[in-house]
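# Examination of the molecular architecture
These are the residues of each chain, in order.
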Amino acid sequence: MKILLAGATGAIGRPLVPRLVEAGHEVTALTRRPDRVDALDAAGAHGVVCDVIDRAATLAVADELRPDVVMDQTTSLPQHYNARKMWKFYEGMVDLRLRGTPNLIEAAQRTGARIAFQSIAFMYAPGNGDICTEDDPPYERDAPFPWNLALPAIVALERRVVDVGGLVLRYGMFYGPGTHFDTGQIASDVKRRRMPIVGSGEGRFSFIHVDDAAAAAALAVERGTTGILNVVDDRPLPMREWLPAYARAIGAPRPLRVPAWPVRRLAPLAAHWATTLPGASNARARRELGWAPQRPTAIEGFED
Ligand SMILES: NC(=O)c1ccc[n+]([C@@H]2O[C@H](COP(=O)([O-])OP(=O)(O)OC[C@H]3O[C@@H](n4cnc5c(N)ncnc54)[C@H](OP(=O)(O)O)[C@@H]3O)[C@@H](O)[C@H]2O)c1
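Rules used throughout
- Residue positions are given per chain, counting from 1 as you read along its sequence in written order.
- The predicted origin of the model limits local features to residues at a pLDDT of at least 70 and limits the giving and counting of side-chain atom pairs to 80 or more, whereas totals for whole chains, interfaces and linings rest on all residues.
- A run of DSSP states H or I qualifies as a helix once it reaches four residues; a run of E qualifies as a strand once it reaches two. Both are numbered from the N-terminal end.
- Radius of gyration: C-alpha atoms only; globule rule: 2.2 Å multiplied by the number of residues to the exponent 0.38.
- Note on contacts: residues are paired as contacts if their backbone-placed C-beta atoms lie within 7 Å.
- Should the C-beta atom of a residue, placed from the backbone, lie within 6 Å of a molecule or strand, that residue is near it.
- Only Asp, Glu, Lys and Arg are considered charged, only Ala, Val, Leu, Ile, Met, Phe, Trp, Tyr, Cys and Pro nonpolar, and every remaining residue, Gly among them, polar.
- Any set of buried Ala, Val, Leu, Ile, Met, Phe, Trp, Tyr and Cys residues joined through C-beta atoms within 7 Å is what this text calls a nonpolar core.
- Exposure criterion: with C-beta atoms placed from backbone coordinates, a residue whose C-beta has 20 or more other C-beta atoms within 10 Å is buried, one with 12 or fewer is exposed, and one in between is partly exposed.
- DSSP bridges decide pairing: two strands pair if at least two such bridges lie between them.
- With its strands directed away from the observer, a crossover is right-handed exactly when the path from the first strand over the helix to the second travels clockwise.
- In this analysis, axes come from line fits to C-alpha atoms, helices being fitted only over the stretch in contact, and the angle between any two N-to-C directions falls in the range 0 to 180 degrees.
- These descriptions rest on fixed angle ranges, namely under 35 degrees for roughly parallel, over 145 for roughly antiparallel, 65 to 115 for roughly perpendicular, and the rest for oblique.
- A crossing counts as left-handed when the near helix is turned anticlockwise from the far one by less than a right angle, and as right-handed when that turn is clockwise.

## Thoughts on the overall build of the protein chain
Helix and strand counts for the protein chain stand at 13 helices and 15 strands. Over its C-alpha atoms the protein chain spans a radius of gyration of 19 Å, differing by no more than 12% from the 19 Å that the globule rule assigns to 304 residues. For the C-alpha atoms alone, the extent of the protein chain along its principal axes is close to 55 × 35 × 35 Å. Pairs at least 24 residues apart make up 76% of the contacts formed inside the protein chain by residues separated by at least 6 positions.

Here it is, written out as structure tokens:
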């Protein structure tokens, strides 16, 4: 298949490119940075400089390639951020989703390609049990700030992708090379004891190692999967369980514990994640892709 891949140089794109190439696909990989083209070519893809916010440039690449699949694996999230200013963290992402992803959807539609879009599995609304399936409702406007501003845009894009027969890959929380758990903010916060277990610590995080995510994404594209797919590991972990395990794995001190009420006031999204976040089920991905994560839970993965 001819695959037009945006986000080829990011945390998920890096392990995805070699998988797609090894499977025999012709991968045209977009980057905004000319200095990254050689590495993409060396990985077996065909690197092309293109900013997906530039509609004309994006459509021109697609028109020339006539791809079978357009994959949007772009993100725009800083490696470092201030947990009290989470709106800043999501600002670039929302801009990219509002101004870049629609160009990729249009590029797919006018060339008759399928579209596959990167979303998240940690946005299910509480109140539907500890483990949600793809059919459970995501949080939208009633989500804690600043998600009440970011999620409606993401959910609207998901609906658009599903409506045109595309695939939405709802990834769990990434860990592994190039992620916030590697050298990013979470690693440095935990090393400095700046990420405490909040309140009950019952919020359930669905994780996925970036290699496992790439394996599922490659299979889903190959099999022509459509609709929404959670790409998460086998067992969502409550914060009170994963945070001490992660701290141990990276040689950090034991995390502190703090009550939930001040965090709810200062950082409502962090409080939700720590106390009421539901996990996600990978039953559909396992069943329909014949896929299983190599690291069944993040506890094993962190130790790796
Ligand atoms: N599910 C999750 O937990 C999840 C999902 C995504 C990201 N993250 C986290 O966010 C952090 C950053 O991850 P990341 O690897 O995705 O970020 P990154 O290294 O900044 O990569 C973003 C990717 O999107 C591409 N991109 C962004 N804007 C673009 C544009 N306008 N046009 C074309 N391409 C564009 C970038 O390409 P160029 O820069 O080469 O142009 C790059 O390939 C990591 O800590 C990661 O774990 C987590």
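Moving on, there is more to tell.
## Quick notes on the environment of His 209
Relative to the helices and strands, His 209 is located in strand β11 (residues 207-209). Considered as a pair, His 209 and Arg 286 are 77 residues apart in the sequence and their alpha carbons are 16 Å apart. Setting aside its immediate chain neighbours within four residues, His 209 contacts Tyr 175, Gly 176, Arg 295 and Gly 301.

## Re the site of the ligand
Lining the immediate surroundings of the ligand are 30 residues, of which Gly 10, Ala 11, Thr 31, Arg 32 and Thr 179 lie closest. In terms of residue class, the shell around the ligand is built from 12 nonpolar, 14 polar and 4 charged.

## Brief notes about the nonpolar core
The biggest cluster of nonpolar side chains holds 92 residues, and the ones touching the most others in it are Leu 5, Val 70, Leu 169, Ala 213, Ala 217 and Val 231. Counting residues per element, this core draws most heavily on helix α8 (residues 210-223), which supplies 9 residues. Not counting chain neighbours up to four residues away, the residues in contact with Val 231 comprise Ala 121, Leu 169, Arg 170, Tyr 171, Gly 172, Ile 208, Ala 213, Ala 216, Ala 217 and Ala 285.

## Some points on unusual backbone geometry
Here the amide bond leading from Phe 145 into Pro 146 is cis, since omega sits at 0°, within 30 degrees of zero. Within the secondary structure, Pro 146 sits in the loop between β6 (131-132) and α6 (147-163). Unusually for a residue other than glycine, Arg 66 sits at a positive phi of about 50°. Along the chain, Arg 66 turns up in the loop between α3 (55-65) and β4 (69-72). Judged by local crowding, Arg 66 falls into the exposed class, with 11 C-beta atoms found within 10 Å. Non-glycine residue Arg 193 carries a positive phi angle of around 60°. Within the fold, Arg 193 resides in the loop between α7 (185-191) and β9 (197-198). On the basis of neighbour count, Arg 193 is assigned to the partly exposed category, with 13 C-beta atoms found within 10 Å.

## Considerations on the pairing of strand β2 (residues 26-31)
Looking along a regular strand, one sees side chains alternate from face to face of the sheet. Of all the 6 residues making up β2, 5 are buried; the element is thus mostly covered by neighbouring parts of the structure. Strand direction decides the pairing type here: strand β1 (residues 2-6) and β2, joined by 5 bridges, are parallel. Bridge pairing links Ile 3 to Val 27 in β2. Crossover connection from β1 via helix α1 (residues 13-22) to parallel β2: handedness right-handed. Two elements, β2 and strand β3 (residues 46-49), share 4 bridges in a ladder whose sense is parallel. Note on β3: the bridge partner recorded for Thr 31 is Val 49. What joins β2 to β3 is helix α2 (residues 37-42), and the crossover it makes is right-handed.

## A look at the packing of α1 against α8
For the pair α1 and α8, the least separation of the axes is 8 Å and the interaxial angle reads 40°. Regarding the angle of α1 to α8, the classification is oblique. Crossing of α1 against α8: the hand is right-handed. Mapping the contact onto sequence places Pro 15, Leu 16, Arg 19 and Leu 20 in α1 and Val 210, Asp 211, Ala 214, Ala 215, Ala 217 and Ala 218 in α8.

## Re the sheet that holds strand β7 (residues 167-171)
Strand order across the open sheet formed by 7 strands is β3-β2-β1-β4-β5-β7-β12, with parallel pairing between neighbours. This sheet does not close on itself; its edge strands, each paired only once, are β3 and β12 (227-231). Strand-to-strand twist across the sheet, computed as the mean angle between neighbouring axes with direction ignored, equals 20°. Here 5 bridges tie strand β5 (residues 114-120) to β7, and the two strands are oriented parallel to one another. Note that in β7 the partner of Ile 120 across the bridge is Tyr 171. Here α1 sits on the sheet in contact with β1 and β2, set at roughly 160° to β2.

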